[in-house]
Amino acid sequence: MSTVIPTPPPIQHPLSLVLKLKTGKGSEVNTDEINLGPSLPDILHFAWVISLAPLGLPTSILLSTVYDGDFDVYLDKFIDSSHEAFDKIFPLIEDGPKTPVLENRQSFHDYVRKNNIGPLPTFFSAYPTMAVADILNC
Amino acid sequence: MINMPSAAAGKKFVAAVTPLITTATEWKVKPAQCYNIGFTADGLSALGINLSTAGLVPEFVEGAIARGVKYVKPDYDLGDTGTSAPGNWILGLGSGGVHIILSLFALDPEARDEGTTTVTSMMTDAGVKQLGFQDADDTLGDSRVHFGYHDSLSQPNIDGAPPRNTQDNQPIVSTGEFVLGYNAENSVPRPGPSFDPANGTYSAFRILKQDVDAFYEYLAEAAADYDLPQEVIQAKLCGRWADGTPLVLSPDTPDPDVSRNNFDYSNDKPARSCPIASHIRRSQRRNEDTQQHRLLRRAAPYGPPYVPKDGIERGLTGHFICTSLQQQYEFIISQWDNGSGVTGQSRDPLIGAIDDTTPPDFLLYWKGEKKRLKNFGRFTTTRGGAYCYLPSISGLQTLSA
């Protein structure tokens, strides 16, 4: 057998969104009610939220994730896993996607595509060709 | 594979053949012949359907040829590249001239010949042209395929349909995942096209050539290189022993007494028994994903029982039936079999589009030892494909009017 071992292309991708919350009475996000779902997509490595209040943006949060593979597939899997949470969050966001998100997938895709502020060239992963399952399988 | 030179000829043929088409009516005695009919987008257009306003899904309208050319890499790979590219497809499937794919399922050769004669006569009378045909048969017996595996063990349980013979513990799948006009998973409506609002569906028709020589040569070489029994490698690549025994239920040896289908991967999360990259684990994820990516398969092998180096082509042909070609058929092929949605370190070893640019690793565990198989090539190539719309009976009557 030959021993040619190609280097697989990177499959991990970053996605970052700044979500600006509507201001005024009744617009506050009740964090106790927000649960992204019992099982997040198994192509999701990491997800975290940062308040941008220290930057003088008290109503804005930064959502960052790292996922495997195709952008649109990832969004669809995220919708499938977390549509109930999104339906609570999106009405509170300025110019947010339409809800219910299960019936308005394209609106969600368009919103994320428009507002994705990554990836920046400096995205680094120590194992960019490893999917979530590969890491769990090691 | 049929071409309709004119709308008038096409309508005449569809009207003639419609009474033969098998319906959903339950039978007590299996008929000698069953017939299914599917139309490509070119076929519906030839019958006068306006493809841009009929409410057909966009991937069907675009068609298997365009999709195959368009989606090769990197994150949405349908695998129809190189020798599998549409330009190399047989029976007119790569030309856009195929309008109808008529499938005849017969109990025996006599019934097949009788059915063929009937349909051929209808084609001649109507003035439509046959571009070619592809025979397939359970020549190996026991639903075996040329790579040696017992096949067709896992099919979805569909809400409203009779239960499967081989039961499993998987959730019942919403009717709309397989029949248009009903709700799909998550109660999302999945309507049919305007000319056929309910009871039609779509299929991806495929002719897949299996390189049986290369497959068995690889098994022998890998057995020597990695110091593993050949039948173990064969089982790990599939996720089942050749007799169909699931590895998660019997990891060390085939067992005729264990269920063929009543299992999931809850107790094998680290994939020590069934490799994460194996064919069945990445094609039907069971508890590891939702029921939104299921397929109903109607396929059979073609070519005679395997004889090494005889130069005869062998493979599989049939329909992958679903109501969303993009969310079901294409998703499984592009994200799980050829993609990184399951593992970034390999492609599906049995049907994946593997070449020098794709990761060749296949990680398996045997007797507590980790082995990383490399250097297997592409064992399955596409010889033809078409996206079909399978109308309801009333839809056929509309199309022929």
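The structure displayed is predicted, hence computed values, not measured ones.

**Student:** Would you explain the sheet that holds strand β3 (residues 60-68) of chain A in this entry?
**Tutor:** Backbone-to-backbone hydrogen bonds join strands into a sheet, with any given pair of strands oriented parallel or antiparallel. Residue and element names in this part refer to chain A. Taken in spatial order, the 3 strands of this open sheet run β1-β3-β2, and their pairing is antiparallel. At either margin of the open sheet sits one strand with a lone partner, and together these are β1 (12-20) and β2 (44-51). With direction set aside, neighbouring strand axes in the sheet form an average angle of 15 degrees. Relative to β3, β1 runs antiparallel, the two sharing 9 bridges. Pairing of Pro14 across the sheet is with Val66, part of β3.

**Student:** For this particular structure, what's the right way to read the side chain of B:Asn157?
**Tutor:** With respect to the secondary-structure elements, B:Asn157 resides in the loop between β4 (129-130) and β5 (182-183). Filtering out sequence-adjacent residues up to four positions away, B:Asn157 remains in contact with B:Arg164, B:Gln167, B:Asp168, B:Gln170, B:Pro171, B:Ile172 and B:Val173.

**Student:** In this structure, what is going on with the layout of surface pockets? I would like to understand it.
**Tutor:** Empty space left among the atoms is revealed by rolling a probe the size of a water molecule over them. Its boundaries defined by the atoms lining it, the second largest pocket holds a volume of some 960 Å³. If you trace the second largest pocket, you find 34 residues lining it, with A:Asp76, A:Arg105, B:Ser324, B:Gln326 and B:Gln327 closest to the centre. Of all the secondary structure elements, the ones that give two or more residues to the lining of the second largest pocket are α1 (71-89) and α2 (105-115) of chain A together with α3 (58-70), β6 (189-190) and α8 (325-337) of chain B. The element contributing the most residues to the lining of the second largest pocket is α3(B), with 5 residues. Here the lining of the second largest pocket is built from residues that sort into 12 nonpolar, 9 polar and 13 charged.

**Student:** Just to check I follow, could you spell out the packing of aromatic side chains for this structure?
**Tutor:** Here the distance between the centres and the angle between the planes together describe a pair of aromatic rings. Residues and elements named next belong to chain B. Applying the stated criterion to the full structure yields 25 aromatic pairs over all chains. For the pair Phe147 and Phe215, a centre-to-centre distance of 4.3 Å together with 25 degrees between the ring planes defines the contact as stacked. Separated by 68 residues along the polypeptide, Phe147 in the loop between β4 and β5 and Phe215 in helix α5 (residues 212-226) bring together distant segments of the chain. Under the relative-accessibility criterion, Phe215 is labelled buried at 0%. Geometrically, the ring pair formed by Phe215 and Tyr216 is edge-to-face, given 5.4 Å between the ring centres and 70 degrees between the ring planes. Feature note: the residues Phe147, Tyr149, Phe215, Tyr216, Tyr218, Tyr306, Phe362, Phe376 and Phe379 constitute an aromatic cluster, connected by ring pairs. Sitting over the face of the ring of Tyr365, Arg272 holds its NZ or CZ atom 3.9 Å from the ring centroid. Across from the ring centre of Trp336, 5.4 Å away, lies the NZ or CZ of Arg285, which sits over that ring.

**Student:** I'm lost on the side chain of A:Thr65 in this one. Help?
**Tutor:** All names here are of chain A. If you trace the backbone, Thr65 turns up in strand β3. In terms of polar contacts, Thr65 uses its side chain to reach the side chain of Tyr74, at 3.1 Å. Residues within four places of Thr65 in sequence aside, it is in contact with His13, Pro14, Leu15, Leu44, Phe46, Ala47, Tyr74 and Phe78.

**Student:** Looking at this structure, how should I read the nonpolar core?
**Tutor:** Burial of nonpolar side chains together is a common tendency in soluble globular proteins. Counting residues in each nonpolar core, the largest one holds 94 residues, and the members touching the most others are B:Phe13, B:Phe39 and B:Phe60. Per-element tally for this core: the top contributor is α5(B), with 7 residues. Core analysis: the second largest hydrophobic core is formed by 21 residues, A:Leu21, A:Phe71, A:Tyr74 and A:Phe78 among them.

**Student:** Help me understand the environment of B:Ser250, please; the structure alone is not making it clear to me.
**Tutor:** Residue and element names in this part refer to chain B. Along the chain, Ser250 falls in the loop between α6 (230-238) and α7 (279-283). For the pair Ser250 and Leu47, spaced 203 residues apart in sequence, the C-alpha separation works out to 53 Å. Every residue in contact with Ser250, bar those within four places of it in the chain, is listed here: Trp241, Thr245 and Asp255.

**Student:** Explanation requested: the state of the cysteines in the structure shown.
**Tutor:** In protein structure, a disulfide is the covalent linkage between the sulfur atoms of two cysteines. Tallied over the entire structure, the rule returns 0 disulfides over all chains. Between A:Cys138, a free cysteine, and B:Cys274, which holds the nearest cysteine sulfur, the sulfur-to-sulfur gap is 17 Å. B:Cys34 forms no disulfide, and the closest cysteine sulfur to it belongs to B:Cys388, at a distance of 18 Å. On the basis of relative accessibility, which here comes to 12%, the residue B:Cys34 falls in the buried class.

What counts and how
Residues numbered from 1 in each chain as written. Chains lettered and ligands numbered in written order. Predicted model: local features only at pLDDT ≥ 70, side-chain atom pairs only at ≥ 80, totals over all residues. Heavy atoms only, no water. Pairing = 2+ DSSP bridges. Helix = DSSP H or I, 4+ residues; strand = E, 2+ residues; numbered from the N terminus. Axes fitted to C-alpha atoms, helices over the stretch in contact; angles between N-to-C directions. Contact = heavy atoms within 4.5 Å. 1 Å grid on protein atoms, 1.4 Å probe; cavity = no way out; pocket = protein on both sides within 12 Å on 5 of 7 lines; lining within 4 Å. Points joined across faces, edges and corners; volume = space filled by probe spheres on them. Nonpolar A, V, L, I, M, F, W, Y, C, P; charged D, E, K, R; others polar. Phe/Tyr/Trp six-rings, centres within 6.5 Å; stacked < 30°, edge-to-face > 60°. Buried < 20%, exposed > 50% of the residue type's maximum accessible area, 1.4 Å probe, protein only. Lys NZ or Arg CZ within 6 Å of the ring centre and 35° of its normal. Polar contact = N/O pair within 3.5 Å; in protein donor to acceptor, adjacent residues only side chain to side chain. Core = buried A, V, L, I, M, F, W, Y, C linked by side-chain atoms within 4.5 Å. Disulfide = S-S within 2.5 Å.

It is worth stressing that arrangement in space is one thing and function is another; only the former is reported here.
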